[in-house]
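# Secondary and tertiary structure notes
Listed here are the chains, written in short residue letters.
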Amino acid sequence: MKQLPLISFFIGLFSILNLLLSSDALAQATVVSGTVRDAVTKETLPNVSVFFKDTKIGTQTDVNGNYNISSAEPQSGLSFNSVGYTIASKNIMPSATQQTDVLLVPSSNSLDEVIIVGGKRIKYRNKDNPAVELIRQVIAHKDENRIKSYQTVAYQQYEKMLFSVSNVSEKFKNKKMFRNYQFLFQEQDSTLIGGKNLLPIYLQESLSDKFLSKEPEKSKTVIVAQKQVQFDSRYIDNKGMKTYFDRMYQDIDIYKNNISVISNDFLSPIADGAPAFYKFFITDTLKNQKPQIIELSFTPRNTGDMLFEGKIYVTNDGKYAITGASFGVNKNINLNFVRALKIDLSFEPNAAGKYNLSKSKLLTDFGIGKTKGVGFTGERTVTFKKYQFDAPLPDTVFQGKSTSVLADAGKKDDLFWKKNRLDTISASELKIYGNIDTLQNLPSFKRTMQIVTLLFAGYQNLGPYEIGPVNTFYSFNNVEGLRLRLGGRTTPELSKRYYFENYAAYGFKDEKWKFFLSATYSINNKSIYEFPQNYIRASFQRDTKIPGQELQFVQEDNFLLSFKRGVNDMLLYNDFYRLDYVKEYENHFSYTLGFKKWSQTPAGGLFYQNDANQFVNRLTTSELSLQLRYAPNEKFYQGKIYRVPITDRYPVFNFKYTAGLKGLLGGEYNYHNIMGSIDKRFYLSQLGYSNVTIEGGYIAGKVPFPLLDIHRANQTYAYQLNSYNLMNFLEFVSDHYASINIDHNFNGFFFNKIPLLKKLKLREVVSFKALYGGLRDENNPALTSSLYRLPDYEDGSKRTYALGNDPYMEGSVGVGNIFKLLRVDLVKRFNYLNHPEVSEWGIRARVKFDF
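Reference entry: report on the structure contained in this document. (Residues numbered from 1 in each chain as written. Predicted model: local features only at pLDDT ≥ 70, side-chain atom pairs only at ≥ 80, totals over all residues. Heavy atoms only, no water.)

## A look at the overall build of the chain
The line we're drawing: Strands are runs of DSSP state E lasting at least 2 residues, helices are runs of H or I lasting at least 4, and numbering of each runs from the N terminus. The classification of residues rests on relative accessible area computed with a 1.4 Å probe and restricted to protein chains. Under 20% of the type maximum is buried, over 50% is exposed, and intermediate values are partly exposed.
In terms of regular secondary structure, the chain is built from ten helices and 45 strands. Looking at the 851 residues of the chain, the share that counts as buried comes to 52%.

## Details of the pattern of salt bridges
Note the following rule: The working definition used for a salt bridge is a side-chain nitrogen of Lys or Arg within 4 Å of a carboxyl oxygen of Asp or Glu.
What the rule picks out here adds up to 36 salt bridges. Between Lys412 and Asp408 there is a salt bridge, with its nearest N and O atoms 3.0 Å apart. A residue is classified by how much of its surface remains accessible, and Asp408, at 36% relative accessible area, is partly exposed. A cluster of three or more residues bridged by salt bridges with shared partners is formed by Glu480, Arg483, Asp510, Lys514 and Asp543.

## What about the nonpolar core?
Here is the rule: Nonpolar cores were defined as sets of buried Ala, Val, Leu, Ile, Met, Phe, Trp, Tyr and Cys residues, with membership established by side-chain atoms within 4.5 Å. Contacts are assigned to residue pairs that have any heavy atoms within 4.5 Å of one another.
Counting 94 residues, the largest nonpolar core has Val261, Phe308 and Ile312 as its most contacted members. Top contributing element to this core by residue count: strand S9 (residues 152-168), with eight residues. Setting aside anything within four residues of it in sequence, one finds Ile312 in contact with Ile135, Ile254, Ile270, Ile294, Glu295, Leu296, Phe298, Ile322, Gly324 and Ala325. Among the nonpolar cores identified, the runner-up in size contains 38 residues, and Leu571, Phe705, Leu726 and Phe732 belong to it.

## What to know about the packing of aromatic side chains
Heads up, the condition is: Ring geometry is summarised as follows: Phe, Tyr and Trp rings, the Trp one being its six-membered ring, pair when their centres sit within 6.5 Å, and such pairs are stacked at plane angles under 30 degrees, edge-to-face over 60 and tilted between the two. We call a charge positioned over a ring when the NZ of a Lys or the CZ of an Arg lies within 6 Å of the ring centre and within 35 degrees of the ring normal.
Applying the stated criterion across every chain, the model contains 39 aromatic pairs. With centroids separated by 6.2 Å and ring planes inclined at 85°, the aromatic side chains of Phe416 and Trp417 adopt a geometry described as edge-to-face. The two residues Phe416 and Trp417 agree in class, both being buried. Where Tyr724 meets Tyr808, the ring centres are 5.6 Å apart and the plane angle is 85°; that geometry is what we call edge-to-face. Here the residue Tyr724 occupies a position in the loop between strand S38 (709-710) and strand S39 (732-734), and Tyr808 occupies one in strand S43 (residues 808-818), the gap between them amounting to 84 residues. Under the relative-accessibility criterion, Tyr808 is labelled buried at 0%. An aromatic cluster is defined as three or more aromatic residues linked by ring pairs; in this entry it consists of Phe266, Tyr278, Phe280, Phe298, Phe308 and Phe327. Over the aromatic face of Tyr573 sits the side chain of Lys512, whose NZ or CZ is 5.5 Å from the ring centroid. Over the aromatic face of Tyr585 sits the side chain of Lys583, whose NZ or CZ is 5.2 Å from the ring centroid.

## Quick word on the sheet that holds S39
For the record, the criterion: Between any two strands, pairing holds if DSSP finds at least two bridges.
Ordered by their spatial adjacency, three strands build an open sheet running S38-S39-S42, and the pairing between neighbours is mixed. Looking along the sheet, the strands with just one partner apiece sit at the ends: S38 and strand S42 (801-802). The pairing of S39 with S42 spans two bridges and is parallel. From the neighbouring strand, Phe732 faces S42, where its bridge partner is Tyr801.

## Here's the deal with the sheet that holds strand S2 (residues 49-52)
Sheet strands pair via backbone hydrogen bonds, and the direction of the pair is either parallel or antiparallel. Cut-off, in case you're wondering: Where helices are involved, their axes are fitted lines through C-alpha atoms of the stretch in contact, as for all axes, and angles between N-to-C directions lie from 0 to 180°.
Spatial ordering of the open sheet is given by S3-S2-S5-S6, a layout of four strands whose pairing is antiparallel. Where the open sheet ends on each side, the last strands, each with one partner, are strand S3 (58-60) and strand S6 (88-91). Strand-to-strand twist across the sheet, computed as the mean angle between neighbouring axes with direction ignored, equals 20°. Alignment of S2 against S3, held across three bridges, turns out to be antiparallel. Considered in S3, the bridge of Val50 is made with Thr59.

## Quick word on the side chain of Asn145
Quick reminder of the rule: A 3.5 Å cut-off defines polar contacts: any pair of N or O atoms within that distance qualifies, except that in protein one atom must be a possible hydrogen donor and the other a possible acceptor, and neighbouring residues in sequence count only when both atoms are side-chain atoms.
With respect to the helices and strands, Asn145 occurs in helix H4 (residues 142-145). Within the structure, Asn145 has its side chain in polar contact with the backbone oxygen of Lys319 (distance 2.9 Å). In this structure the side chain of Asn145 is engaged in a polar contact, spanning 3.4 Å, whose partner is the backbone oxygen of Tyr320. For Asn145, the residues in contact, after removing those within four places along its chain, are Tyr255, Lys319, Tyr320, Ala321 and Tyr355.

## What about the pairing of strand S13 (residues 258-261)?
Where S13 and strand S14 (residues 264-267) come together, four bridges link them in antiparallel fashion. Each residue of the ladder has a partner; that of Asn258, found in S14, is Leu267. Where S13 folds back onto S14 in an antiparallel hairpin, the turn is made up of two residues, including Ile262, whose phi is positive at roughly 40°.

## Some words on the side chain of Asn334
Following the sequence through the fold, Asn334 ends up in the loop between strand S18 (322-328) and strand S19 (338-349). Residue classification places Asn334 among the buried positions, given a relative accessible area of 0%. Those residues in contact with Asn334 that lie beyond four places of it in its chain are Gly304, Met306, Asn747, Gly748, Asn752, Lys761, Leu762, Arg763 and Asn817.

## What to know about the environment of Phe589
With respect to the element layout, Phe589 can be found in strand S31 (residues 589-604). Separated by 41 residues in sequence, Phe589 and Tyr630 place their C-alpha atoms 4.4 Å apart. Excluding residues within four positions of it along the chain, Phe589 makes contact with Lys583, Glu584, Leu628, Arg629 and Tyr630.

## Let's talk about helix H3 (residues 130-140)
The condition is simple: The directions from the helix axis to the C-beta atoms are what the arc is built from.
Of all the positions in H3, only Ala131, Val132, Leu134, Ile135, Val138 and Ile139 are classed as buried. Seen end-on, H3 carries its buried residues on one side only, within an arc spanning 160°. In H3, those exposed residues whose orientation departs by more than 90 degrees from the buried face are Pro130 and Ala140. Where the residues of H3 are buried, they touch H4, strand S15 (278-286), strand S16 (293-300), strand S17 (309-315) and S18.

## Details of the environment of Ile201
Looking at where Ile201 falls in the secondary structure, it is placed in strand S11 (residues 197-213). Separated by 175 residues in the primary sequence, Ile201 and Phe376 have C-alpha atoms spaced 9.8 Å apart. Once residues lying within four places of it in the same chain are set aside, the contact partners of Ile201 are Phe163, Ser164, Val165, Val229, Phe231, Phe376, Ile432, Ile436 and Leu439.

## Comments concerning unusual backbone geometry
The step from Glu215 to Pro216 runs through a cis peptide bond, and the omega angle for that step is -5°. Relative to the helices and strands, Pro216 is located in the loop between S11 and strand S12 (218-228). Of note, the amide linkage connecting Phe531 to Pro532 takes the cis form, showing an omega dihedral of -5°. Tracing the backbone through its elements, the reader meets Pro532 in the loop between strand S28 (512-522) and strand S29 (534-545).

## Examining helix H9 (residues 432-440)
Inspection of H9 places Ile432, Tyr433, Asn435, Ile436, Leu439 and Gln440 among the buried residues, and these make up the whole buried set. Seen from one end, H9 has its buried residues packed into an arc of 160°, which puts them on one side.

Below, the structure is given as structure tokens:
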């Protein structure tokens, strides 16, 4: 839980703010939806303006004539306005959710001549469609019009990111607690998102110099100046927040096949395969410009897919360059927590007659509900100026990291920003820097942040020390019985050089104490959780472990993992003495040197028995290890005392070598253990993405089964991505193996095309896992003496096996995004079904917060 991504934090913040801010608004909300049609032709009408009477709260109908409008206050009427039609008014029920369909009557000026054509509506098709022919020309000329067509490019970029709590009710705004703080609130742009009031909480600015080279392909970003709102570091990590927002709000390049927005890949309307997924319409021609500009509207063929809808503007001069774009997403899209999304791109001509991006604006409004309750609005505006094309750039420009920050970038004064901003910024936006200090002193805000931090970070901050994680305080298993645990860790407030972590636990059935102590020294005087790491750590742990249970990002004594299927009575009591040195480099290559002394004692239904039928109570090993990791272009959700890698399209390489040393500090065996793996995510556009892991290992030397590769098994009811979900603990051991793990998410590609099912916004998931390996004769107790016998069940049936000629295989089909957070898989085990205590089928669940 301590590495739970920031999206979980903000979802929790939404929920709590909903209780704090919107309890009054929900009681008074007015929500209206419907369809607007032509009264004569009965055709649906797009782009009709819809407003609550006597207010500025409004919206527009989409390409299908549908609208949805809401207000936190009671409203009694709607007005509908469109060019060429008489303004229509409708009475509505205040403080209610309702549907109102409208027929607009064409105005008298447009009724001089009316032609009514009967028959079926012409079916949309790509063949002989001038709009499709136009978009194919745009696609064919992409390489000529994009910025990468130049040999070199240099320009300046100014970026502004603004985030606000949205849909704040008038009643809450006027509560006594805010009587002296009305300056915190701003008026909300209701043409895009419902409600009246915004509470701005975050502002971030940066000014950069950008350099691009075509041959060889290189890029360089130099951040000249940057500033951001600073929150109380006890509750919110400012660097982690910036990293997360940068990931969600990436640069919008319409010329790419896929555009990344809020952690999802959307197919660009001018992607190579766009005509297969979009419908295109020529809706206007601007003839008073040189060159003439054609307005091309587009909409998804299926409104639930990860696609955009909107307009692009194309030059009618044979070059087919994009001069502007305005687009968003359909309200039916299979996207979580997004109430509104709008992207505006502006291009300007240069001396060569080409068009380069001059401004990019992305606005999104998030919330638990589509219209009701408090939300969270983010707006990123990027301005590009001072372009230089094909100017010589010395090699020294691209030396060092691809992104560098000037030493004084965070120290620029207000006068510098006033002179060097490439875009305007309002006085009310500038006040946010000071207003947040006031907001953080409000008792209600402090209470909210304390609750959210405890629930979603799992720790209670006490300044230099914090207690947690809370989900490990209580758990149970067959050997320890009821288990209670309490611990915590120091924070950078105590020291940026020294870090300590500890816990103590007690099992009421085995009546044994367990504990952990660690001390870490940061060599580079940075937080040991911050990139790049460079530290040395010494630790001692006396605790229990289930052989073959390997978990990511959660503790083994997590309460929810106490519930297990089948026979679960094997446990190890372990004493770990460790000394580790970790070194990371700016290019994301890292190595870890380690020494470990490990003493293990079997417990419960697990016994170590030698070939003389004697029970062995303790096994001790001493190990030296070297671990190498290379993760090019890796980014993190960086917290103050945690970090989580952000899964992206770049591969991650791991290699680990471990040497067991007999005679060193009681070590009983000599051996060599080599393991390597490659992880990569493959994006397949509209077909979703696949996470693929290939792994292999080899052990040289004669060792008992506890020192072999015990393959990752799972006997909980949670679906674990990196474990075999229908394999029992300690069911398979190997001294050589190779495996592949494929987990594919279709993102609703099929469900979105089923009329009733697509409203649920479910997503399809499939997975396949295969493990091939075995034991050499020297490590097989059935063929070699002086080895421990493989474990059996109490009834004498075999419990642990070596893999035979066939690989172990399992697969699953699942449904994700249930209630926006739950994934449920039906898992099938394909072979080795004659083993005792195994199941061919199983149902597993996994909680996942995602957009």
